[in-house]
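Architecture and fold: a report
Residue strings, one per chain:
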Amino acid sequence: MLHTSDWHLGRSFHRVSLLEAQAAYLDHLVAAVREHDVDVVLVAGDIYDRAVPPLTAVELFDTALHRLADAGVPTVMISGNHDSGRRLGVAAGLIERAGIHLRTDPAGAGTPVLLADTHGDVAFYGFPYLEPALVRDQFGADRAGHESVLTAAMARVRADLAGRPPGTRSVVLAHAFVAGGAPSDSERDITVGGVAAVPSGVFDGVDYVALGHLHGSQTITERIRYSGSPLAYSFSEAGHRKTMWLVDLDGDGTVRAERIDCPVPRPLARLRGRLDDLLADPALDRHEDAWVEATLTDPVRPADPMARLTERFPHTLSLLFDPERPDDETGASYARRLRDRDDQQVAEDFVAHVRGGAGPDDQERAALLRAFDDVRVDMARREVTG
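Quick caveat: nothing in here was measured; it's all calculated off a predicted structure.

**Considering the sheet that holds strand E1 (residues 2-4)**
The sheet built from 6 strands is open, its strands ordered E6-E5-E4-E1-E13-E14 with mixed pairing. Of all strands in the sheet, those bounded by a partner on one side alone are strand E6 (100-103) and strand E14 (255-261). Strand-to-strand twist in this sheet, taken as the mean axis angle between neighbours without regard to direction, amounts to 20°. Where strand E13 (residues 243-249) lies against E14, 7 bridges are found, and the strand directions are antiparallel. Bridge pairing links Asp248 to Arg256 in E14.

**Overview of the packing of helix H1 (residues 19-35) against helix H2 (residues 55-70)**
Two numbers describe how H1 lies on H2: the axes approach to 11 Å, and their chain directions differ by 10°. In terms of orientation, H1 and H2 fall into the roughly parallel class. Note on element contacts: H2 touches H1 through Thr56, Ala57, Leu60, Ala64, Arg67, Leu68 and Asp70, opposite Leu19, Gln22, Ala23, Leu26, Asp27, Leu29, Val30, Val33 and Arg34. Tallied by class, residues from the contact of H1 with H2 come to 10 nonpolar, 2 polar and 4 charged.

**Here's the deal with the packing of helix H5 (residues 132-139) against helix H6 (residues 146-162)**
Contact geometry for H5 and H6: axes closest at 10 Å, N-to-C directions at 40°. The orientation of H5 with respect to H6, classified from their angle, is oblique. Along this stretch, H5 crosses H6, giving a crossing that reads as left-handed. On H6, the residues that touch Pro132, Val135, Arg136, Gln138 and Phe139 of H5 are His146, Val149, Ala152, Ala153 and Arg156. Among the residues forming the contact of H5 with H6, the class breakdown is 6 nonpolar, 2 polar and 2 charged.

**Notes on the packing of aromatic side chains**
Counted according to the given criterion, the structure contains 4 aromatic pairs. Between Trp7 and Tyr25 the ring centres are 6.2 Å apart and the planes differ by 70°, which places this aromatic pair in the edge-to-face class. In this pair, Trp7 sits in the loop between E1 and strand E2 (12-13) while Tyr25 sits in helix H1, placing the two residues 18 residues apart along the sequence. Exposure class is identical for Trp7 and Tyr25. Each is buried. The ring of Phe139 has Arg156 lying over it, and the distance from NZ or CZ to the ring centre is 4.4 Å. The lysine or arginine in question, Arg301, covers the ring of Phe321, its NZ or CZ lying 3.7 Å from the ring centre.

**Details of the environment of Val195**
On the secondary structure map, Val195 appears in the loop between strand E9 (169-175) and strand E10 (208-212). The sequence separation of Val195 and Phe177 amounts to 18 residues, and the corresponding C-alpha distance is 9.9 Å.

Reading guide: rules and limits
Residues numbered from 1 in each chain as written. Predicted model: local features only at pLDDT ≥ 70, side-chain atom pairs only at ≥ 80, totals over all residues. Heavy atoms only, no water. Pairing = 2+ DSSP bridges. Helix = DSSP H or I, 4+ residues; strand = E, 2+ residues; numbered from the N terminus. Axes fitted to C-alpha atoms, helices over the stretch in contact; angles between N-to-C directions. Parallel < 35°, antiparallel > 145°, perpendicular 65-115°, else oblique. Contact = heavy atoms within 4.5 Å. Nonpolar A, V, L, I, M, F, W, Y, C, P; charged D, E, K, R; others polar. Left-handed = near helix turned anticlockwise from the far one by under 90°. Phe/Tyr/Trp six-rings, centres within 6.5 Å; stacked < 30°, edge-to-face > 60°. Buried < 20%, exposed > 50% of the residue type's maximum accessible area, 1.4 Å probe, protein only. Lys NZ or Arg CZ within 6 Å of the ring centre and 35° of its normal.

Set out below in structure tokens:
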């Protein structure tokens with residue numbers, strides 16, 4: 001199995017088009033399928049970057065489908081939280097005849113794609129992104145949370161497996177934030193009621209779980225893995241090694257996995273320091289061809305910083321300021337104060353600021369939480385349902 005996810009076709013990087021890089025990645029994927037004699041390709045959601053993708057992204061996806069079909073290798077795909085499931089699923093029944101299995105309807109969570117090898121059947125269950133507020137009633141979940149709806153979806157999987165011949169192996173594709181995973185800045189928040197992550201134990205009982213949503217390749221357990229995005233979509237991913245998982249599933253369900261590196265269009269570099277130091281430091285020569293995020297620490301903002309930076313680092317895309325301050329000065333830059341804080345925390349801090357120090361009480365905090373959930377659900381409804 002070749003496990004990939006989070007293509008985000010149509011996305012740019014700080015206004016730089018990534019279409020050519022995404023096309024190069026898909027070339028690489030098809031080549032890897034042939035080179036490694038892959039039996040099935042798994043795409044765990046966020047195929048597009050938005051619900052209504054640009055025509056160039058749709059054309060790229062269409063070309064990829066034709067090439068995978070021509071390779072004669074089945075592909076199982078699910079929609080993610082950036083995709084419109086209804087749009088992506090148009091003509092899914094027809095496309096399935098070519099071996100491309102699009103799973104975009106939550107109602108089909110317990111109905112597998114059955115593929116066979118020399119050891120017997122493997123049941124592939126595709127969970128499109130399950131927005132709790134939209135699928136809770138349909139799944140009979142006890143509450144509108146990610147853990148509840150995924151637990152309900154897994155109950156359907158276990159019920160289906162119970163009726164299949166002994167020895168049937170199982171694979172689940174899901175788009176979710178599973179506890180133990182490390183996020184980056186480029187994923188859209190899917191927090192519900194203040195909770196984003198679900199425990200990995202939700203997926204107990206299946207042989208492999210191919211996850212999407214988090215953009216870093218990572219292993220939650222030997223049987224539960226994120227492939228990560230094939231390209232970096234934020235400077236927070238500068239330290240990522242972008243890969244796909246090549247997963248071998250033995251007849252007894254044993255899993256072995258190795259990483260296949262993805263092509264890198266241009267390295268990322270995050271530089272920090274005073275402008276003159278960044279321009280003069282010979283140790284930074286290796287970053288001169290990289291996409292650069294520079295954080296300037298000059299106590300006084302220098303003149304024409306971007307123009308001067310791009311003389312040495314012509315691919316500088318992001319310029320931030322975080323002035324050095326004396327040790328006894330307690331003030332911090334706005335960016336630093338907001339770093340690693342979610343929307344709820346920022347709102348609560350704002351309430352405390354305008355009140356002169358008194359933050360929201362429990363009732364007000366709950367009201368803020370409901371408001372953020374309502375906005376997120378409304379956005380999800382428009383993107384998931386189109």
